[in-house]
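A structural walkthrough
This is what each chain is made of:
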Amino acid sequence: MAWRFSKESVEDGFIGFNENSIQQFGENVEKSIVREALQNSMDAGVKGSKDPVSVEFKTFSLPKDALFGFQDIERHLQMCAKQEPKNDKIKKCIDLIERNAYSLLEISDYNTNGMLEEDLHALVKDKFLAYNKSKDSQGGAGIGGKSSFMAASYLRSFLVSTVSKEGFRFKGRTQLCTRQDDMDKSIHWRDKGFYNDDYRLNLEDLPEKLKRSEQGSSIFIVGYKSVMRDVKGEYIREVLRNYWLSILHNKLIVNVFGSELNNDNILKYIEEYFPNYKDFEKSEFRSNPRAYAETVSQGTLYKREIPRLGECKLWLKKNDEYPGFVSRHRKSRMLIYKTKEIESGFAGVFLCTSKSGNEVLKDMEGAKHDKWTQHKGNKEDKEVLESIKEFISDSFREFAGLGKGDSFTIDVLDDMFGIDLGGKISNPKPKPPIDPKPPVDDPVEPTPRNRLIKQAKFKYQGDKNGGTYTVAIDCKEDAPSQALRFKMATDSSFDEIGVLASGSGSVVNGQIKIDLKQGKNIIENVKLDSPFMVAPEVEVVQEK
């Protein structure tokens, strides 16, 4: 049992050590391992079982002489260093090599089907589409599994031990770079290497800790880089961030270095690791699950049949500290991504678990499983995404108390969204006193243009398919030919919305240009470029 590298041919070309997918999934290796490994395990869950999939993370070490052939990888790393002498990543891997033993990270799953030969071949080779590629698979396209495993190893190597209905199988993979042999300069080796590639395994040669008798799979990352770091907290946070809903719904149990996360204690763990509700829509590494876990466990549930997806669910909950995002999930319940589709002070969770819906949504994901994106020119995908948005928008209107009536006023939004008539956050924290500044010689200008508006009120006429606004503006003084722009509140700022039409003044570059008079001004039939009803703010545009 040994590593097998193929000889490089001229046609193959040079492959460097900084392979793209390993670099990509190695940016946050704990997150990558958690997302990829747990999704693989959930894909392989025993169909029809009422018990959750169970996954365990643990570390251990093995003497080097117990792992036949791995010291050969060390020799190949030295060849890589000679091939790319300025590559610091290779040097760091070599510096991490342990003297007498190898540290391993083990990720083992239970209540799963294990891998068939085709599954194992797909995971280890380069044709990886999804571990356990059955029709019911929850996985999406990508090569994230093996890339994240190799990124975590200073030997760029991992092993797989699996038991399925076909029996026991064992295989390994490494990826280095194209390199010249240190003994025979006429030989160049390919970047990829495979362990026990011909399945001629003598079980007696396999260390006991790498054997497996129970159905399921074990991944062993050999030469685990982070063994000297206290990474337990990082792994727990990533499990909570990405799989809180799977655990809450009792579809998954995760044991992280001796600490078990299950549906009985998941909320306590979330409160411990995430003491507040601060969250970021697009930040990969700072996602906070607390608002969404509370929303599912305590919020209001809405359901809707969506074409191609089947029954979909949406939970909504109000809390002044909630960020105003909707988290999106499908059958595995792993977090895919979050969207800003509701107001700050609320949180939402969208879930599609039907077989047909899972297939449609997973087909719209990329390698990282972090977005549902329409395939170019695919109108059906576009309709699915728009239907999801409509479901969220309609449910939010009902939940927030807007109902299905023809109109609402900004005063109603004041109570629900905590926004005053000028579009600012109500009840602001008191600011510390400012030291008085000495007078300046510059003449005092008249009232600044952005302070012309004393108050603004909005009335909406229409339904979920669209409508117009009547805007009432109380102005401090006359302002001839004044440009006005409209904005929508987001979590941390206001985003401008273009004006499509107006019953008064003229529309120029998405803004209204109008003669404002001191006192009340009424602008009717204002149509905004927004697919759904919003809580807008109006402000004057400064002349340059």
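Residues numbered from 1 in each chain as written. Predicted model: local features only at pLDDT ≥ 70, side-chain atom pairs only at ≥ 80, totals over all residues. Heavy atoms only, no water.

**Some points on the overall build of the protein**
Looking only at helices and strands, one finds 12 helices and 24 strands in the protein. Summed over its atoms, the accessible surface of the protein is roughly 26,600 Å², and 47% of this surface lies on carbon and sulfur atoms. (Helix = DSSP H or I, 4+ residues; strand = E, 2+ residues; numbered from the N terminus. Areas by Shrake-Rupley, 256 points an atom, 1.4 Å probe, with all protein chains shown as cover.)

**So, the sheet that holds strand E13 (residues 326–329)**
Strand order in this open sheet of 5 strands is E11-E12-E15-E13-E14, and the pairing throughout is mixed. Sheet topology places strand E11 (300–306) and strand E14 (335–339) at the edges, where each strand pairs with a single neighbour. Here the strands of the sheet are splayed against their neighbours by 20 degrees on average, with no regard to which way each runs. Where E13 lies against E14, 4 bridges are found, and the strand directions are antiparallel. Bridge assignment links Val 326 to a residue of E14, and that residue is Thr 339. (Pairing = 2+ DSSP bridges. Axes fitted to C-alpha atoms, helices over the stretch in contact; angles between N-to-C directions.)

**Regarding the environment of Glu 208**
Position of Glu 208 relative to the elements: it lies in the loop between strand E7 (188–195) and strand E8 (216–224). Accessibility expressed as a relative area gives 61% for Glu 208, which makes it exposed. Note: C-alpha distance between Glu 208 and Ala 66 (142 residues apart in sequence) is 9.8 Å. (Buried < 20%, exposed > 50% of the residue type's maximum accessible area, 1.4 Å probe, protein only.)

**Observations regarding the confidence of the model for the protein**
Averaged over all residues, the pLDDT of the protein equals 83, while 81% of them reach at least 70. Predicted confidence for residues 405–449 stays below pLDDT 50, and this span has 62 contacts to residues more than four positions away or in other chains. (pLDDT = per-residue confidence, 0-100. Contact = heavy atoms within 4.5 Å.)

**Some points on the packing of aromatic side chains**
Scanning all chains against the criterion turns up 18 aromatic pairs. Where Tyr 269 meets Tyr 273, the ring centres are 6.3 Å apart and the plane angle is 20 degrees; that geometry is what we call stacked. Of the two residues, Tyr 269 and Tyr 273 both sit in helix H8 (residues 266–273), 4 residues apart, roughly one turn of that helix. Each member of the pair, Tyr 269 as well as Tyr 273, carries the same accessibility label: buried. A ring pair is formed by Phe 458 and Phe 486, whose centres lie 6.4 Å apart and whose planes are at 75 degrees; its orientation type is edge-to-face. Taken as a pair, Phe 458 in strand E16 (residues 453–463) and Phe 486 in strand E18 (residues 479–489) lie far apart in primary sequence, 28 residues in all. Phe 458 sits in the buried class, given a relative accessible area of 4%. (Phe/Tyr/Trp six-rings, centres within 6.5 Å; stacked < 30°, edge-to-face > 60°.)

**Quick notes on unusual backbone geometry**
A positive phi angle, near 50 degrees, is found at Arg 156, a position not held by glycine. Mapped onto the elements, Arg 156 comes out in strand E4 (residues 153–164). Even without glycine at this site, Arg 308 takes up a positive phi of about 75 degrees. Within the secondary structure, Arg 308 sits in the loop between E11 and strand E12 (310–318).

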